[in-house]
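Structural overview
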Amino acid sequence: MPIHEKSLIRPENLSTHDNLTIDGVDVSGDWSTFIKARVVQDYNEDLQDEIAALPGGENIHRCWQCGSCTNACTVNALNPDFNPRLWIYLIRMGFEAELVRDKDIIWQCVSCNKCTSACPRDVVPEGVMKATAHWLELKGYTPKTPSTEFDEIFSNQVIHTGKIEDGAVLLGFFRRTGQSPFQDWVIQMGKQLAMGLPIRMLMRMGLATLFHPRTRGWDRARAAIEEYVEEQEAAHRKALGLGGSSHDPHAPRQAQPIPQAAE
Amino acid sequence: MADNKYNLIAYYPGCALEGTGSAYNTSTKAVGKALGLGLEEVKNWNCCGAMEVKNIDPKIQTYLSSRVMSIAANEMGHDVVMAPCNGCYHNLKKAEYDLTHDEGSKEVTERLSSKAGHATYQAGQVETIHALDWIKKSIGEDGIKSRVKNSLSGLKVANYYGCMYTRPRHIFPEKDKGPGTESTSAPHFMDDILDAAGADNVDFALKTACCGGAHTLSDSDTSTKLVLNILQAAEESGADVIATECPTCHTGLEMHQIRAEKRFGVKTNVKILYFTQLLGIALGLNPRKVGVHENVSKPMGMLRERRIV
Ligand code: SF4
Ligand code: SF4
């Protein structure tokens, strides 16, 4: 199906009359289906450039809409609304409002890179998904997604110490997203893990949460990376026409609830 | 095709192998020792950036990975680095690719390396290999066959490779080069190794499916569904065990096997073991030596039933 029809005809743009007679002909119900006229005036002509200015979005202009990315996509197989090809089309056309309709699912890309391997044009759709998710946050369309929260906690630890200690990242994530670390499946996993572990191993794990592993002499690397990150953040905001410096990283943020399956 | 170039190499365990994936670390080292292969751990290494740092900025990830390779090459004099973790392996390969093809990545890496006070890694200084390449290239199937003390015969194995070992394929220029090389669409190195150890590999369609590892906590329901597909496909193909070669996949499969039961009420019984654990057992090592007691899926009963241990 050509692309525009798919995105533009939405249920709310269809209208039917239950009782309608025109020139003596009864056209009630489906016979009177109309598609509401739709005029797009809200193009963002810079949309493609804005996405291309963020890491991962650089090659978006190369897309020729073959659809191989969507066809290969892991998340699309779970949710047909997750459609990288369509989003790339909307971005390239400047349909900002259309794109923003899907703001709550774009971040769900799992970075499996099936799309990147399938793409005949080196677009790196995986990167475009990350750039688009980042763009939605910078523009204020979405609060920080759980994915970004996790990336930040993780990256901050790497930048600070050079290494990762998974227990600390896990607890930090649960704390920042307002979840209890004592969820049924976490407890079950802990139990099954502890069953086979000797006391010495448990003690070592306990100690690891007190003494975080770190790379020796990391301070200079840390300072250099922090300086670079600040420069990049300023450059991204500028490219999107957003003033001011980046938000205070320590300010409390409204965490988005994690989608949960029905019990 | 044994090549003694791989008999003493630099070893980059990475963060996961010091945490949740510690059984992979133990078993990799134990297998190396049993096979007489030398592994020298990269000194004072740092995190490669995992799946997360690239979302802040991919060039920082390139720098982080380049530092590991720089130490191996410039401070330890190695020309091969082996990373058993798919994430580390992928990131080192990606850094190699970017430093060869992208001026911007090169500039940032030079700048950060000089400010951090170490030699800048130059593309081509080391060859990054996965633990699968390491076994294939140093010992090979014939070498394994001649050393098997405890055949895995009768054990039905689904070999699971995940995403990062083969995708995106452009960062693995040595793959897809015909016979003897690894395939990105239908990888077989783990199948080859475990086949040589006597295992009965099953036909498994989801070898390179995604486990949702990137969102294992931030979008757990998606990850649980993806893992459940993998577990169920393995069971349908008759597998007793899924062999893994990545700590993130391995932990993801274990964790979401439990979560699938708790949240969706779907129980699966297939066991999950690192390929190095299976190989170690085949080489006659005690299961404890390869960390089987740390596996959440509790495979000992099944291994006994199949008379493997
Ligand atoms: S596979 Fe590549 S070229 Fe084809 S639609 Fe997707 S991004 Fe565009
Ligand atoms: S990387 Fe993201 S967009 Fe690409 S196939 Fe995987 S889930 Fe889909």
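Conventions used here
Residues numbered from 1 in each chain as written. Chains lettered and ligands numbered in written order. Predicted model: local features only at pLDDT ≥ 70, side-chain atom pairs only at ≥ 80, totals over all residues. Heavy atoms only, no water. Domains from an automatic or database assignment. Buried area = accessible area lost by both parts, 1.4 Å probe. Salt bridge = Lys/Arg side-chain N within 4 Å of Asp/Glu carboxyl O. Polar contact = N/O pair within 3.5 Å; in protein donor to acceptor, adjacent residues only side chain to side chain. Helix = DSSP H or I, 4+ residues; strand = E, 2+ residues; numbered from the N terminus. Buried < 20%, exposed > 50% of the residue type's maximum accessible area, 1.4 Å probe, protein only. pLDDT = per-residue confidence, 0-100. Contact = heavy atoms within 4.5 Å. Axes fitted to C-alpha atoms, helices over the stretch in contact; angles between N-to-C directions. Parallel < 35°, antiparallel > 145°, perpendicular 65-115°, else oblique. Left-handed = near helix turned anticlockwise from the far one by under 90°. Nonpolar A, V, L, I, M, F, W, Y, C, P; charged D, E, K, R; others polar. Pairing = 2+ DSSP bridges. Near = heavy atom within 4 Å. Phe/Tyr/Trp six-rings, centres within 6.5 Å; stacked < 30°, edge-to-face > 60°.

**As for the domain arrangement of chain B**
Residue and element names in this part refer to chain B. Domain assignment breaks chain B into domain 1 (4-129) and domain 2 (141-305). Computed over C-alpha atoms, the centres of domain 1 and domain 2 are 23 Å apart. Both sides together, the interface formed by domain 1 and domain 2 hides about 2300 Å², and carbon and sulfur atoms give 69% of it. Counting every contact that joins domain 1 to domain 2 gives one salt bridge. In this structure, the connection of domain 1 to domain 2 is made through nine residue pairs in polar contact (both at pLDDT 80 or more).

**Comments concerning unusual backbone geometry**
A cis geometry characterises the amide bond from Arg-167 of chain B onward to Pro-168 of chain B, with omega recorded as -10°. In this structure, Pro-168 of chain B sits in the loop between β5 (156-159) and α8 (189-196). Even without a glycine there, the phi angle at Asp-122 of chain A is positive, about 50°. One can find Asp-122 of chain A in the loop between α7 (114-118) and α8 (125-138). Non-glycine residue Lys-298 of chain B carries a positive phi angle of around 50°. The residue Lys-298 of chain B is located in the loop between α11 (275-282) and α12 (300-305) in this model. Owing to a relative accessible area of 27%, Lys-298 of chain B belongs among the partly exposed residues under this scheme.

**Comments concerning the confidence of the model for chain A**
Do not read the fine detail of predicted coordinates wherever pLDDT is low. Residues and elements named next belong to chain A. Of all residues in chain A, 73% have pLDDT values of 70 or greater, and the mean over the chain is 80. Contacts of residues 1-5 to residues separated by more than four positions or lying in other chains number six contacts, the stretch itself having pLDDT below 50. Taken together, the stretch residues 246-263 has pLDDT below 50 and engages in 31 contacts with residues farther than four places along the chain or on a different chain.

**Some words on the packing of helix α5 (residues 84-93) of chain A against α8 of chain A**
Relative placement of two packed helices is described by the angle separating their axes and the distance separating the axes. Residue and element names in this part refer to chain A. Look at α5 against α8: their axes get within 11 Å of each other, and the N-to-C directions meet at 60°. It follows from the interaxial angle that α5 and α8 lie oblique. Considering the relative orientation of α5 and α8, their crossing is left-handed. Where α5 approaches α8, its residues Pro-84, Trp-87, Ile-88 and Ile-91 are matched on the opposing element by Pro-125, Val-128, Met-129 and Thr-132. Along the lines of polarity and charge, the residues of the contact of α5 with α8 split into seven nonpolar, one polar and no charged.

**Points about the sheet that holds strand β3 (residues 80-83) of chain B**
Hydrogen bonds along the backbone pair up the strands of a sheet, which may run parallel or antiparallel. All names here are of chain B. Pairing is parallel across the open sheet formed by four strands, whose spatial order is β2-β1-β3-β4. Each edge of the sheet is formed by a strand with only one pairing partner; in this case those strands are β2 (38-41) and β4 (127-130). Averaged over all neighbouring strand pairs, the angle between strand axes comes to 40°, with direction disregarded. For β3 and β4, the ladder comprises four bridges, and the chain directions are parallel. When the sheet's bridge partners are listed, Ala-83 is paired in β4 with His-130. The sheet contacts of helix α1 (residues 22-35) involve β1 (8-11), β2, β3 and β4, and relative to β1 the element is tilted by about 170°. Strand contacts of helix α6 (residues 131-138): β1, β2, β3 and β4, with the helix running at about 95° to β4, the strand carrying the most contacts.

**Structural notes on the interface of chain A and chain B**
Counting residues at the interface gives 61 residues for chain A, matched by 63 residues for chain B. For the pair chain A and chain B, the two sides together bury roughly 5600 Å², of which 62% comes from carbon and sulfur. Here Glu-231 of chain A ties to Arg-111 of chain B by a salt bridge, and the two come within 2.8 Å at their closest N and O atoms. There are 14 residue pairs in polar contact (both at pLDDT 80 or more) connecting chain A and chain B. Contributions of two or more residues to the side of chain A that touches chain B are made by α4 (74-78), α7, α8, α9 (146-161), α10 (166-176), α11 (184-195), α12 (199-210) and α13 (219-239) of chain A.

**Let's talk about the site of ligand 1**
Residue and element names in this part refer to chain A. Cys-63, Cys-66, Gly-67, Cys-69 and Cys-119 are the nearest of the 14 residues found near ligand 1. Listed by contribution, the elements that provide at least two residues to the shell around ligand 1 are α3 (68-72) and α5. Partitioning the shell around ligand 1 into residue classes produces nine nonpolar, three polar and two charged.

**Structural notes on the site of ligand 2**
All names here are of chain A. For ligand 2, the set of nearby residues contains 14 residues, the closest of which are Cys-73, Cys-109, Cys-112, Asn-113 and Cys-115. Elements supplying a minimum of two residues to the shell around ligand 2: α4, α7 and α8. Its residues assigned to classes, the shell around ligand 2 shows nine nonpolar, three polar and two charged.

**Overview of the environment of Leu-155 of chain B**
Residue and element names in this part refer to chain B. Within the fold, Leu-155 resides in the loop between α7 (140-147) and β5. Among the residues examined, Leu-155 registers a relative accessible area of 0% and is labelled buried. Setting aside chain neighbours within four positions, we find Leu-155 in contact with Ala-199, Asp-200, Asp-240, Val-241, Leu-278, Met-302, Leu-303, Arg-306 and Ile-308.

**Focus on the packing of aromatic side chains**
Tallying each qualifying case throughout the model produces nine aromatic pairs over all chains. Geometrically, the ring pair formed by Tyr-43 of chain A and Phe-95 of chain A is stacked, given 5.5 Å between the ring centres and 25° between the ring planes. Pair noted here: Tyr-43 of chain A is in the loop between β4 (29-35) and α2 (47-52) and Phe-95 of chain A is in the loop between α5 and α6 (96-100), with a separation of 52 residues, a long-range link. According to the relative accessible area criterion, Tyr-43 of chain A is partly exposed, its value standing at 44%. Between Tyr-24 of chain B and Tyr-274 of chain B, the aromatic rings sit 4.4 Å apart at their centres with planes inclined by 0°, giving stacked as the arrangement.

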